[in-house]
Amino acid sequence: MSVAVLRRAARETLSGLPREFWWLWTSTLVNRLGGFVATFMALYLTLDRGYSASYAGLVASLLGLGGVVSSLGGGVMADRLGRRPTLLVAQTSTAASVALLGFVEHPVAIAAVAFLVGMASNASRPAVQAMMADIVRPEDRVRAFSLNYWAINLGFAVSSLAAGFIAEVSYRAGFLLEAGMTLVCAVVVFLKLPESRPEREEKAVREDSVGLGAVVRDGRFMSVVGLSFLVALVFQQGAVGLPVAMGAAGFTPADYGMAIAVNGVLIVALQIPVTRFIEHRDPRRLLVVSSVLAGYGFGLTAFAGSVGVFALTVCVWTLAEIVNAPTQTGLVVRLSPTHGRGRYQGMYTLSWAVASLVAPVMSGFVIDRFGAEWLWGMCAVVGTAAGVGYAVLMRRLPGGIEGQVEGQVGGRAEDKADDWAEGKVEGRGEDSRGEGRGGVPEAVLGEKAGAAAEPAAGAVRAAGAV
């Protein structure tokens with residue numbers, strides 16, 4: 001492949017997105033580069049503080065529980081207060097609570113602050129996803145969400161590597177460094193990102209208001225949330241079931257580290273080129289195939305007997321992750337009414353937060369009671385069930401899914417992105433339009449927007465997105 005071809009591919013991948021997106025992307029990358037605590041929390045509690053593994057597991061569960069609580073709260077805040085205020089509150093609160101966690105010593109205090117860290121860090125995710133949907137045109141959301149997901153994984157890979165070296169010097173330094181980098185994210189949001197929440201006329205507020213009750217009553221969307229939960233249960237096994245199973249089979253932590261490192265390396269290497277391949281393909285097939293591939297990728301682990309074979313199974317389900325993550329979240333965006341994006345994204349985030357709580361309990365129970373082979377078999381069954389569910393659900397959403405959204409509470413999901421592109425959003429100057437629509441006729445863009453549901457970045461990482 002020539003250098004010219006690579007340059008053209010890079011230009012097509014990176015061009016046409018608004019400047020505000022790149023500041024949001026930068027904030028995500030900085031946040032994940034500083035994500036040290038999630039990596040070394042268990043080691044900090046067991047080795048540095050001398051607590052038991054059970055207590056470390058309790059603290060990890062409280063981190064996840066905090067995320068469950070704030071998923072919906074963060075979505076409501078994003079819709080009521082705005083995306084920008086929610087990000088500022090969440091990121092400054094995260095910085096303060098992470099710094100505090102590095103100084104508290106009493107076990108009850110550590111557990112309480114860990115819960116606060118989980119709440120604060122997860123509260124920003126619905127706002128990030130809603131803002132991204134606001135500022136990026138529908139036909140560009142596949143690329144935008146995939147680039148954001150790529151940043152998450154790149155930051156995760158670097159921070160995981162750095163965390164080991166930082167922990168050897170001082171665990172407390174890791175807490176303070178993460179707090180400082182989270183504050184940098186807040187500064188970027190404060191200085192560079194205007195509010196993107198769609199403005200509503202006063203008389204239309206009552207008609208357009210979207211409460212959590214309306215989200216729960218949206219049967220098709222809640223079906224997506226349920227299927228997302230099933231897929232998340234499968235993907236979580238890479239972080240909870242796989243290390244336990246490998247340890248029980250006599251493999252060392254270093255062996256697990258080598259196998260799971262393939263996940264991050266492949267995502268960083270393949271996310272962008274795979275996105276170019278799937279960008280305008282049928283999301284129905286993508287969701288079905290990726291769900292089944294994830295299930296059977298983990299199912300193949302039952303036959304692994306060496307680190308090399310474990311790494312091969314990681315390759316299979318990582319490919320499913322690369323396809324599923326942007327496609328899944330793009331479907332959520334398309335199903336979300338414009339003025340309810342925060343709440344809808346919050347409910348979607350909740351499915352992953354709950355899965356992060358259920359997956360450890362489920363995997364531990366199955367491995368202890370029946371053996372690891374049963375866990376991998378269950379993954380295959382759950383992945384297949386999710387694939388069948390997506391096939392049935394997407395058949396009920398023929399043509400442009402946006403038509404269904406128009407008939408809901410908040411108007412067209414695309415209107416805000418079009419307003420942003422035309423410079424109509426408050427705080428957006430004429431000079432920040434990015435590269436516009438690249439001269440593509442409006443009719444063609446409309447066909448592209450209706451042809452495929454735009455994917456977005458679901459966070460498979462245990463810590464998730466910004």
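To be clear, the structure that these remarks concern was listed above.
Here goes a summary of the coordinates provided. Worth saying up front: this structure is predicted, and the values here are computed from it rather than measured.

**Focus on the overall build of the protein chain**
A tally of helices and strands in the protein chain yields 21 helices and zero strands. Out of the 466 residues belonging to the protein chain, those deemed buried represent 53%. In the protein chain, the proportion of contacts linking residues at least 24 apart, taken out of those at least 6 apart, comes to 86%.

**Some points on the nonpolar core**
If you look at the biggest cluster of nonpolar residues, it comprises 47 residues, and the most contacted ones within it are Phe221, Phe235, Leu242, Met246, Phe298, Phe310 and Trp376. Sorting elements by how many residues they give to this core places helix H17 (residues 341-369) first, with 10 residues. By size, the runner-up hydrophobic cluster in this structure holds 26 residues, among which are Val37, Phe40, Ala114 and Ala167.

**Re the packing of helix H15 (residues 283-299) against helix H18 (residues 372-395)**
The contact between H15 and H18 brings their axes to 6 Å, and the two run at 175 degrees. Regarding the angle of H15 to H18, the classification is roughly antiparallel. On H18, the residues touching Pro283, Arg284, Leu287, Val288, Ser291, Val292, Gly295, Tyr296, Phe298 and Gly299 of H15 are Trp376, Cys379, Ala380, Gly383, Thr384, Ala386, Gly387, Tyr390, Ala391 and Met394. For the contact of H15 with H18, a count of residues per class yields 13 nonpolar, six polar and one charged.

**Regarding the packing of helix H2 (residues 19-33) against helix H9 (residues 171-192)**
Here H2 crosses H9 at 170 degrees, and the two axes come no closer than 8 Å. Looking at the two axes, H2 sits roughly antiparallel to H9. Taking contact as the criterion, the partners of Trp23, Ser27, Val30, Asn31 and Leu33 in H2 are, on H9, Met181, Thr182, Val184, Cys185, Val188, Val189 and Lys192. Residue composition of the contact of H2 with H9, grouped by class: eight nonpolar, three polar and one charged.

**Some thoughts on the environment of leucine 62**
Turning to its location among the elements, leucine 62 is positioned in helix H4 (residues 53-80). Separated by 52 residues in the primary sequence, leucine 62 and alanine 114 have C-alpha atoms spaced 6.4 Å apart. If near-sequence neighbours (up to four positions away) are discounted, leucine 62 is found in contact with Ala111, Ala114 and Phe115.

**Some details on the side chain of asparagine 153**
Along the chain, asparagine 153 falls in helix H8 (residues 141-169). You can call asparagine 153 buried: its relative accessible area is 1%. Side-chain polar atoms of asparagine 153 contact the backbone oxygen of tyrosine 149, separated by 2.9 Å.

**Section: the environment of serine 290**
Turning to its location among the elements, serine 290 is positioned in helix H15. Sequence separation between serine 290 and glutamine 328 is 38 residues, and the spatial gap between their C-alpha atoms is 10.0 Å. In this structure serine 290 touches Ala320, Val323 and Asn324, once residues within four positions along its chain are discounted.

**Concerning H18**
Between its terminal C-alpha atoms H18 stretches 35 Å, which fits the 34 Å expected from 24 residues at 1.5 Å a residue. Ala372, Leu375, Trp376, Cys379, Ala380, Gly383, Ala386, Gly387, Gly389, Tyr390, Leu393 and Met394 are the residues of H18 that are buried. If you follow the buried residues of H18, they end up packed against helix H12 (219-235), helix H13 (241-248), H15, helix H16 (307-335) and H17.

**Details of the side chain of threonine 313**
Relative to the assigned elements, threonine 313 resides in helix H16. In this structure the side chain of threonine 313 is engaged in a polar contact, spanning 2.6 Å, whose partner is the backbone oxygen of phenylalanine 310. Threonine 313 has contacts with Gly297, Leu300 and Thr301, leaving out every residue within four places of it along the chain.

**Examining the packing of aromatic side chains**
Counting across every chain of the model gives 12 aromatic pairs. Ring centres of phenylalanine 298 and tryptophan 317 lie 4.5 Å apart, and the angle between their planes is 15 degrees; this geometry places the pair in the stacked category. Taken together, the positions of phenylalanine 298 in helix H15 and tryptophan 317 in helix H16 put the pair 19 residues apart, joining distant regions of the chain. For tryptophan 317, a relative accessible area of 2% puts it in the buried group. Each residue in the set Phe21, Trp22, Trp25 and Trp150 is aromatic and connected to the rest through ring pairs, giving one cluster.

**Re the pattern of salt bridges**
This structure, assessed with the given rule, holds six salt bridges. Salt-bridge contacts for aspartate 79 lead to arginine 83; the nearest nitrogen and oxygen are separated by 3.0 Å. By relative accessible area, aspartate 79 is classed as buried at 4%. A salt bridge links arginine 343 to aspartate 79, with the nearest nitrogen and oxygen atoms 3.2 Å apart. Of this pair, arginine 343 sits in helix H17 while aspartate 79 is found in helix H4, placing the two residues 264 residues apart along the sequence.

Basis of the calculations
In every chain, residue numbers begin from 1 and rise along the written sequence. At least 70 in pLDDT is required for a residue's local features to be given in this predicted model, at least 80 for side-chain atom pairs to be given and counted, and no such filter applies to totals for whole chains, interfaces and linings, which use all residues. Calculated side-chain values reflect all of the structure's heavy atoms, with hydrogen atoms and water omitted. Only runs of H or I of at least four residues qualify as helices and only runs of E of at least two qualify as strands under DSSP, and these elements are numbered from the N terminus. Exposed residues in this analysis have more than 50% of their type's maximum accessible area, buried residues have under 20%, and partly exposed residues fall in between, with area computed by a 1.4 Å probe over protein chains only. Contact between two residues is taken to exist if any of their heavy atoms lie within 4.5 Å; hydrogens are not considered. Nonpolar cores are built from buried Ala, Val, Leu, Ile, Met, Phe, Trp, Tyr and Cys residues. Side-chain atoms within 4.5 Å join them into one set. Simply put, an axis is a line fit to the C-alpha atoms, just over the touching stretch for a helix, and the angle between two N-to-C directions goes from 0 to 180 degrees. Angles are sorted into four bins: roughly parallel if under 35 degrees, roughly antiparallel if over 145, roughly perpendicular if 65 to 115, and oblique for all others. Gly falls in the polar group here, along with every residue not listed as nonpolar (Ala, Val, Leu, Ile, Met, Phe, Trp, Tyr, Cys, Pro) or charged (Asp, Glu, Lys, Arg). A 3.5 Å cut-off defines polar contacts: any pair of N or O atoms within that distance qualifies, except that in protein one atom must be a possible hydrogen donor and the other a possible acceptor, and neighbouring residues in sequence count only when both atoms are side-chain atoms. Take the residue count of a helix, subtract one, and multiply by 1.5 Å to get its expected span. A pair of Phe, Tyr and Trp rings is counted when the ring centres sit within 6.5 Å of each other, with Trp represented by its six-membered ring. The angle between the planes then sorts it: under 30 degrees is stacked, over 60 is edge-to-face, the rest tilted. The term salt bridge refers to a pairing of a side-chain nitrogen on Lys or Arg with a carboxyl oxygen on Asp or Glu at a separation within 4 Å.

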